[in-house]
Amino acid sequence: MVVAAPLLLLDGASMWFRSYFGVPTSITAPDGRPVNAVRGFLDAVATVITRERPSRLVVCRDDDWRPQWRVDLIPSYKAHRVLEETPGDDPDVEEVPDDLTPQVDMIFEILDAFGIPTAGAPEHEADDVLGTLVARERRDPVVVVSGDRDLLQLVRDEPVSVRVLYLGAGLAKATKWGPAEVAEKYGVPIDRAGPAYAELALLRGDPSDGLPGVPGIGEKTAAALLARHGSLAGILAAARDPDSSMSKAHRRKLLAAADYIARAEAVVKVAVDADLDWSTPTDELPLTARDPATVAELAERYGVVSPVGRLQKALDSLPDR
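Residues numbered from 1 in each chain as written. Predicted model: local features only at pLDDT ≥ 70, side-chain atom pairs only at ≥ 80, totals over all residues. Heavy atoms only, no water.

Moving on, we come to the overall build of the protein chain. The secondary structure content of the protein chain amounts to 13 helices and 7 strands. Against the compact-globule benchmark of 20 Å for 321 residues, the protein chain has a radius of gyration of 21 Å, which places it among compact chains. Based on the C-alpha atoms only, the size of the protein chain along its principal axes is roughly 70 × 60 × 35 Å. Out of the 321 residues in the protein chain, the part that is buried amounts to 52%. Accessible surface, the protein chain: about 14,800 Å² in total, of which carbon and sulfur atoms supply 54%. One way to put it: in the protein chain the 36 positive side-chain charges average out to a point 8 Å from where the 51 negative ones average out. (Helix = DSSP H or I, 4+ residues; strand = E, 2+ residues; numbered from the N terminus. Rg over C-alpha atoms; globule rule 2.2 N^0.38 Å. Buried < 20%, exposed > 50% of the residue type's maximum accessible area, 1.4 Å probe, protein only. Areas by Shrake-Rupley, 256 points an atom, 1.4 Å probe, with all protein chains shown as cover. Lys, Arg positive; Asp, Glu negative; His and termini not counted. Charge placed at Lys NZ, Arg CZ, Asp CG, Glu CD.)

Shown next as structure tokens:
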């Protein structure tokens, strides 16, 4: 049986942040500018292309890392990541290392010269771009590459397989998660492991995103409630039903947090209907650079000739289409 080549969806910001902190800043361009994130990102892309052998690939952009509509619902959302204000600063700028931002521009220049597709969406995060692309896919299996556990909510088996290649321990130790792995690790129902993971995160909270969760409901309790009642809707229905088997303590905590739960649901769950902005007409992964001369010039200018060569070698390894 011929296995379909996957659609590979890369969480761009997650990958270049990890590259920035994983590759020494002593890696510089000929003009002295750091290019550690550029080098690490290109090598990571080459590695996952070689490993997964996709026919289609999208680097998903964070066009709005902290959408106002999410902040309006939960004001603490990512608030701890906002750059400390000084007079004249934009009050909603993410704190990013000074020498990473220009490297992101370099990455996009190289991707554009290769013709490798990128996609973003106004007023949406990369997670929402990933969620929208997953929701649309009806043909090929999907592999999402990210170091963000929030994206475990995307795993599913139907209508196509969606797996998350999780980079939490680094690319060399990356593990692929599907419904079975998420259910086993977090104790959520396997038949809806992806959505249940999002509901688990909503209930327990997520300090890394500034989400407080339901006071007194930790991860184990949230998993137990989901296992017993099947879904967040089932949990809330049981909390409102005085004749249900739910304990009085859990009932009290959940009802007290009803307003938070209603607001947090749209914050925690990725959007599936974002209006995508594409850099290319299709998501087909090119086997040769769109503009080889520009690729060569950028590789020399930024001192990343070897990583660019490894990326092209990975593309060369793919079957002709």
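That covers the picture; the talk isn't over yet.
Of note, glutamate 125 is situated in the loop between β3 (118-120) and α5 (126-136). Overall, the relative accessible area of 3% leaves glutamate 125 in the buried class. Beyond its immediate chain neighbours, meaning those up to four positions away, glutamate 125 contacts Arg61, Asp62, Asp64, Trp65, Pro67, Arg70, Tyr77 and Lys78. (Contact = heavy atoms within 4.5 Å.)

Turning our eyes to something else, we now look at the confidence of the model for the protein chain. For the protein chain, the average pLDDT comes to 94, and 95% of its residues sit at 70 or higher. Contacts from residues 85-91, a stretch scored under 50 in pLDDT, to residues over four places away or in other chains number 4 contacts. (pLDDT = per-residue confidence, 0-100.)

Now for the packing of aromatic side chains. Summed over all chains, the structure comprises 6 aromatic pairs. An angle of 90° between the planes, with centres 4.9 Å apart, marks the rings of tyrosine 20 and phenylalanine 21 as edge-to-face. Tyrosine 20 sits in the buried class, given a relative accessible area of 10%. Taken together through their ring pairs, the aromatic side chains of Tyr166, Trp177, Tyr186 and Tyr197 make up a single cluster. (Phe/Tyr/Trp six-rings, centres within 6.5 Å; stacked < 30°, edge-to-face > 60°.)

Turning our eyes to something else, we now look at the sheet that holds β3. Taken together, 7 strands build an open sheet; the order of strands is β6-β5-β4-β1-β2-β3-β7 and the sheet is mixed. Two strands close off the open sheet at either side, each with one partner strand: β6 (175-177) and β7 (277-278). Bridge count between strand β4 (residues 142-146) and strand β5 (residues 162-166): 5 bridges; the pairing is parallel. Among the inter-strand pairings, valine 145 is bridged to a residue of β5, identified as leucine 165. Of the strands in this sheet, β1 (7-11), β2 (56-60), β4, β5 and β6 touch helix α2 (residues 36-52), which is tilted by about 155° from β1. (Pairing = 2+ DSSP bridges. Axes fitted to C-alpha atoms, helices over the stretch in contact; angles between N-to-C directions.)

A separate point is the pairing of β2. Within β2, 5 of the 5 residues are buried, leaving the element largely enclosed by the surrounding structure. Burial along β2 is two-sided: the face carrying Arg56, Val58 and Cys60 and the face carrying Leu57 and Val59 are both buried. Of the pairings in the sheet, the one linking β1 to β2 comprises 5 bridges and is parallel in character. Residue pairing in the sheet places leucine 9 in a bridge with valine 58 of β2. Across 2 bridges, β2 lies against β3 in parallel orientation. Bridge pairing in β3 links cysteine 60 to alanine 119.

Between helix α9 (residues 232-240) and helix α10 (residues 248-256), the shortest axis-to-axis distance is 9 Å and the interhelical angle comes to 110°. The angle between α9 and α10 places the two elements in the roughly perpendicular class. In this structure, α9 crosses over α10, and the sense of that crossing is left-handed. Every residue of α10 that contacts α9 at Ile235, Ala238, Ala239 and Arg240 is listed here: Arg251, Leu254 and Leu255. (Parallel < 35°, antiparallel > 145°, perpendicular 65-115°, else oblique. Left-handed = near helix turned anticlockwise from the far one by under 90°.)

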